[in-house]
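Okay, here's what each chain looks like letter by letter:
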Amino acid sequence: MKRIILYGASSGIGRALAQLYAAQGDMIAVAARRIENLQQLQQEYPLNIMPFKVDVSIGNSPSNPNSPSVGFRKMVETLGGADLVIYCSGTGKQNASLDMEIEYRTINVNVTGFTTIAAAVVEYGSRAGHHVQFATISSIASTRGLGVSASYSATKMYQVRYMESLRQLATIKGWNMSFTTIKPGFIDTDFIKGQRYPMTMPLQYAAKKIKKAIDRREYSAIIDWKWAIVVALWRIIPNWVWYMLKISNK
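Residues numbered from 1 in each chain as written. Predicted model: local features only at pLDDT ≥ 70, side-chain atom pairs only at ≥ 80, totals over all residues. Heavy atoms only, no water.

## Here we look at the environment of Glu103
Inspection of the secondary structure assignment puts Glu103 in helix H4 (residues 100-125). By relative accessible area, Glu103 is classed as buried at 8%. Each C-alpha atom, one on Glu103 and one on Ala150, is 8.4 Å from the other, the two residues being 47 residues apart in sequence. Apart from the residues within four sequence positions on either side, Glu103 is in contact with Asn95, Leu98, Ala150 and Ser151. Here the side chain of Glu103 touches Ser151 through a polar contact of 2.8 Å, side chain to side chain. (Helix = DSSP H or I, 4+ residues; strand = E, 2+ residues; numbered from the N terminus. Buried < 20%, exposed > 50% of the residue type's maximum accessible area, 1.4 Å probe, protein only. Contact = heavy atoms within 4.5 Å. Polar contact = N/O pair within 3.5 Å; in protein donor to acceptor, adjacent residues only side chain to side chain.)

Structure below.
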């Protein structure tokens, strides 16, 4: 039985992962802003799900009882420890006009919130006395800069590089920790509701693939094989060609 902390479990990938882990008997502290959604999830698995209201975007302050790091410690105490932490919180929209409200919200969740939780996990995991795994849901959008989603692709690349840095740091320091970066393609969730994207994957299919990669403690995994091919092609496109490409659902 694993003790799991899962951020962003109110809907989409996070909710699907919580259901998969709860179904196999793991204990999960689920965190999100929408506590009512988490309470509904708890009703499905009352013995395995413990809901916590956490807003990762508010920034970190040790004196603030609502700060993400304080919430993390509460979840660890409730579970009696943590073996796996999954950061599934994320936001982003197409924003060719660079509306700063959208840009700041994306940065707050995908960078500030992510970094706050990552630091809390490392602080705990580096002296936990048992193996601790940290997994984050990044995106194939991290592969290259997307003009219509600048902050989204940039913040997802930030997560990729940060996880790589933590992996190196853990090796140098000899911490009993592992770090898994998941990079999905388009998944049929509310995140892209009402928009048409190619090769959109069913939620349950993608969630099972993500869980498998996490359980294997893979360093990095693209979900799924079709998107792995797309990413490989994106990487070899010359810059002058890339800059002329129109990557949009509109």
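## Comments concerning the side chain of Thr155
Positionally, Thr155 belongs in helix H5 (residues 150-173). One polar contact links the side chain of Thr155 to the main-chain carbonyl oxygen of Tyr152, over a distance of 3.0 Å. Apart from residues no more than four positions distant in its own chain, Thr155 is found in contact with Thr106, Ile107, Asn110 and Val111.

## What about the packing of aromatic side chains?
The way to describe two aromatic rings as a pair is by their centre distance and the angle between their planes. The tally for this structure, following the rule as stated, stands at 9 aromatic pairs. Judged by centre distance (5.1 Å) and plane angle (90°), the ring pair of Phe186 and Trp227 falls under edge-to-face. Taken as a pair, Phe186 in the loop between strand S6 (177-184) and helix H6 (203-215) and Trp227 in helix H7 (residues 225-236) lie far apart in primary sequence, 41 residues in all. Between Trp234 and Trp242 the ring centres are 5.5 Å apart and the planes differ by 70°, which places this aromatic pair in the edge-to-face class. Judged by relative accessible area, which is 6%, Trp242 ranks as buried. An aromatic cluster is built from Tyr7, Tyr87, Phe114, Phe134, Tyr158 and Tyr162, whose rings are joined through pairwise contacts. Its guanidinium or amino end placed over the ring of Tyr21, Lys211 lies 4.8 Å from that ring's centre, counting from NZ or CZ. (Phe/Tyr/Trp six-rings, centres within 6.5 Å; stacked < 30°, edge-to-face > 60°. Lys NZ or Arg CZ within 6 Å of the ring centre and 35° of its normal.)

Keep in mind these numbers describe shape, not what the thing actually does.
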